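# Coordinates in review
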Amino acid sequence: MLAQSVRFLTAPFRLIPWYVWLVTGLVLAWLGRNILLIIATIIAFHPIPIPPIFQGEPETIAEARTQDLRHFQHVRRNERSMDDAMRARFDAAVEALEAEAADLTDAEFQLALAGIQAIIDNAHSNASATRMVQSFARLPIRTTWMGGELRVLRALPDQEALLGAELTHIGGVPVEEAMMRFRDSFGGIDAWFRSFAPLLLETPAYLAAVGIDDTTLRLRFADGRVEEIVLPVVEPIDGARRLFSADLVVPTATETDDWRSVQPAGEPLYLGNPDRGYWFEAVPELDAVYLNLSQNLNDESGESLADFVVRAGDEIAAIAPSVIIVDQRLNGGGDLTITQPLMARLGDIVGPEGRVYLLTSGSTFSAGIVNLAMAKEAAPAQTRLVGEPIGDRLQFWAEGWWYSLPNSGFRARYSTGFYDLQNGCEGLFICPWGSLHIFPVIVDDLDIDIPAPMNWDAYVAGRDPAMEAIRAIEQRRG
């Protein structure tokens, strides 16, 4: 009986050749190693901060803020880009803030926290301006920086007459100067900062935190009138949508249904499908296809971005245009791995004599920037960047985690994965999965080839300077 049992159990090893077992073992070992690497990578690049378990309810403002600063140390522990000198500055700033925290207003405390994160000087590691203003009373207008001017693009019904006006001063301070008083509280480059900085100018508590206690607004209207007005503040509304200032160029992008929007006179192509995050349309007169990628995340259309990438690639290839225009001026990022097959294919679709125009702005960020690099690397001779400078450097840290401090609600942020679009990235626990396996994507630069900034006159008339520049080039080509 024992011999029969042994013979039955060992049958597979006698019937299946040894080399099959060897290959099977190697495959299983490879899979096991990679599964472990995936788990380790998740832990390495997305470490979740442990909340304060043995922390009681604070009895004073000083105690509440001390608790927050203890929890804030997760940034220092998990931010992978910091060197020893940066950590020393970070620690000194936290210590100084703890000493004065009890005497600060809520806005002053949050702005100070943002300033400590700005020591990292990495745009992905910034505080969230949309969340910083979310709990504060704000002015009944929303503004956008456009062509060197701050324009009112949203207003509540009682202030609808202010739509389109240029805001030139706040409390007697020129808006450019007022905006730059917040600059040290955010890392990264100016182009990205300007895409959200107007949020702070619309929030009196933050204005007071930088020494502007008077919220008298000086406005210049289309007929040349200049008026100074004081507006009432509006308490935060539960469930309001959080928007970057730059998002307001899309008239349907509003916090709640109460807001009124500037309506451009014409219908520029980029506003053709405002409720879609990704879509395309043929432009026959240019033998072109216009491809709008406003996000690298699934939109609410029911078609996933991954499915769209496959469909768009096949259908655009069937059209066989000589020009593809990719509009990412509002693409703040998402999953860069999804769009890689389409970005790498654009040059092949238009052919060696074709052109790929990439439309950019200061709101083009993160995965949106990587999309540009993937397209340019695949077809450098055919690719041109059109519009305004992008929102980040070509070396940056991303991935990581957001988390809220327990008392103030401040959203802290740290980054754990390195991307280098000029030299490539090396190091298993430095470069995240996409950086190792999709990259190296290496480009010399992502500088603007054809400057075409949006300005107020073009916007309100429904014109698109970037598309106008492309049309002029293509018409000259004949």
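Scroll up a little and you will see the structure.
Just so it is clear, the structure is predicted and the values come from calculations on it, not from any experiment.

With that settled, consider the overall build of the protein. The secondary structure content of the protein amounts to 18 helices and 17 strands. If you take every contact in the protein between residues at least 6 apart in sequence, the share linking residues at least 24 apart comes to 69%. Here the protein displays about 22,200 Å² of accessible surface, and carbon together with sulfur accounts for 55% of that area.

This part takes up the sheet that holds strand β9 (residues 288-293). Ordered by their spatial adjacency, 6 strands build an open sheet running β8-β9-β10-β11-β12-β17, and the pairing between neighbours is mixed. Edge positions in the sheet fall to β8 (278-283) and β17 (450-451), since each has one partner strand and no second. As paired strands, strand β12 (residues 383-387) and β17 are joined by 2 bridges and run parallel to one another. Looking at the pairing, Val386 lines up with Ile450 of β17. Against the sheet, helix α18 (residues 465-477) makes contact with β8, β9, β10 (323-327), β11 (355-360), β12 and β17, and its axis sits at roughly 160 degrees relative to β11, the strand it touches most.

This part takes up helix α12 (residues 305-319). Between the first and last C-alpha of α12 there are 20 Å, a value that for 15 residues agrees with the 21 Å anticipated at 1.5 Å per step. The complete set of buried residues in α12 reads Leu305, Phe308, Val309, Ala312, Gly313 and Ile316. All buried residues of α12 lie within an arc of 130 degrees about the axis, which places them on one face of the element. Residues of α12 that are exposed and point more than 90 degrees away from the buried face comprise Val310 and Ala318. Next to the buried residues of α12 lie β8, β9, β10, α13 (336-343) and α14 (346-350). Of the residues trailing α12, Ala320 is marked for its positive phi of about 55 degrees.

This part is about the pairing of β8. As paired strands, β8 and β9 are joined by 6 bridges and run antiparallel to one another. Counterpart to Glu281 in the pairing with β9 is Tyr290. What sits between the antiparallel neighbours β8 and β9 is a turn of 4 residues, in which Asp287 has the positive phi angle 50 degrees.

Here the focus is the state of the cysteines. Here a disulfide denotes one covalent bond, and it connects the sulfur atoms of two cysteines. Considering all chains together, one arrives at 1 disulfide under this definition. Between Cys425 and Cys431 runs a disulfide, and the two sulfur atoms are separated by 1.9 Å. Taking the sign of the S-S torsion, about -90 degrees here, the bridge from Cys425 to Cys431 comes out left-handed. Of the two residues examined, Cys425 and Cys431, each falls in the buried class.

Quick look at the environment of Leu201 now. Turning to its location among the elements, Leu201 is positioned in helix α10 (residues 198-201). Placed 22 residues apart in sequence, Leu201 and Met179 show a C-alpha to C-alpha distance of 6.8 Å. Those residues in contact with Leu201 that sit more than four places away from it in its chain are Leu139, Leu150, Ile170, Val175, Ala178, Met179, Phe182 and Leu207.

The next thing to look at is the pairing of β11. With 6 of its 6 residues buried, β11 lies for the most part within the structure. Going residue by residue along β11, you find Arg355, Tyr357 and Leu359 tucked away on one face and Val356, Leu358 and Thr360 tucked away on the opposite face as well. In terms of strand pairing, β11 meets β12 through 5 bridges, oriented parallel. Bridging across to β12, Leu359 finds its partner in Val386. Handedness of the β-α-β unit built from β11, helix α15 (residues 367-378) and β12 comes out right-handed.

This part is about the packing of α13 against α15. Two numbers describe how α13 lies on α15: the axes approach to 9 Å, and their chain directions differ by 25 degrees. Classified by the angle between their axes, α13 and α15 sit roughly parallel to one another. The element α13 and its partner α15 pack so that their crossing is right-handed. Across from Leu336, Thr339, Gln340 and Met343 in α13, the residues of α15 making contact are Ala367, Val370, Asn371, Met374 and Ala375.

Tallied over the full model, the rule gives 17 aromatic pairs. Centroid distance Tyr403 to Tyr414: 6.1 Å. Interplanar angle 50 degrees. Geometry classified as tilted. One end of the pair, Tyr403, is in strand β14 (residues 401-404); the other, Tyr414, is in strand β15 (residues 411-414), with 11 residues separating them in the sequence. In this structure an aromatic cluster arises from ring pairing among Phe186, Trp192, Phe193, Phe196, Phe244 and Phe365. If you follow Arg183 out to its NZ or CZ, it ends over the ring of Phe193, 4.9 Å from the centre.

This part covers the side chain of Arg154. Among the secondary structure elements, Arg154 is positioned in strand β2 (residues 149-155). The buried charged residue Arg154 lacks any salt bridge partner; its closest oppositely charged side chain belongs to Glu255, at an N-O distance of 7.5 Å. From its side chain, Arg154 meets the backbone oxygen of Pro251 in a polar contact 3.5 Å long.

A rise of 1.5 Å per residue sets the reference length of helix α5 (residues 84-100), with its 17 residues, at 24 Å; its end C-alpha atoms lie 25 Å apart and thus fit the reference within 8%. If you follow the buried residues of α5, they end up packed against α4 (61-78) and α6 (106-117).

So, on to the side chain of Asn296. The topology assignment puts Asn296 in the loop between β9 and α12. Within the structure, Asn296 has its side chain in polar contact with the side chain of Asn371 (distance 2.9 Å).

Let us look at the nonpolar core. By size, the foremost hydrophobic cluster in this structure holds 62 residues, and its most contacted members are Phe72, Met132, Phe182, Tyr206 and Phe410. Once you skip the residues sitting within four places of it in the chain, Met132 turns out to touch Gln110, Leu111, Ala114, Ala127, Phe186, Leu200, Tyr206 and Phe410. Counting residues in hydrophobic clusters, the runner-up holds 37 residues, among them Val326, Leu358, Ile369 and Tyr419.

Tracing the chain through its elements places Ser408 in the loop between β14 and β15. On the basis of relative accessibility, which here comes to 26%, the residue Ser408 falls in the partly exposed class. Remark: the alpha-carbon pair of Ser408 and Ala64, spanning 344 residues in sequence, is separated by 7.9 Å. Residues in contact with Ser408, not counting those within four places in the same chain, are Asp68, Phe109 and Gln110. Within the local environment of Ser408, its side chain forms a polar contact with the side chain of Asp68, the two groups lying 2.8 Å apart.

What counts and how
- Residues numbered from 1 in each chain as written.
- Predicted model: local features only at pLDDT ≥ 70, side-chain atom pairs only at ≥ 80, totals over all residues.
- Heavy atoms only, no water.
- Helix = DSSP H or I, 4+ residues; strand = E, 2+ residues; numbered from the N terminus.
- Contact = heavy atoms within 4.5 Å.
- Areas by Shrake-Rupley, 256 points an atom, 1.4 Å probe, with all protein chains shown as cover.
- Pairing = 2+ DSSP bridges.
- Axes fitted to C-alpha atoms, helices over the stretch in contact; angles between N-to-C directions.
- Expected span 1.5 Å × (residues − 1).
- Buried < 20%, exposed > 50% of the residue type's maximum accessible area, 1.4 Å probe, protein only.
- Arc of directions from axis to C-beta.
- Disulfide = S-S within 2.5 Å.
- Right-handed = clockwise from strand over helix to strand, strands pointing away.
- Parallel < 35°, antiparallel > 145°, perpendicular 65-115°, else oblique.
- Left-handed = near helix turned anticlockwise from the far one by under 90°.
- Phe/Tyr/Trp six-rings, centres within 6.5 Å; stacked < 30°, edge-to-face > 60°.
- Lys NZ or Arg CZ within 6 Å of the ring centre and 35° of its normal.
- Lys, Arg positive; Asp, Glu negative; His and termini not counted.
- Salt bridge = Lys/Arg side-chain N within 4 Å of Asp/Glu carboxyl O.
- Polar contact = N/O pair within 3.5 Å; in protein donor to acceptor, adjacent residues only side chain to side chain.
- Core = buried A, V, L, I, M, F, W, Y, C linked by side-chain atoms within 4.5 Å.

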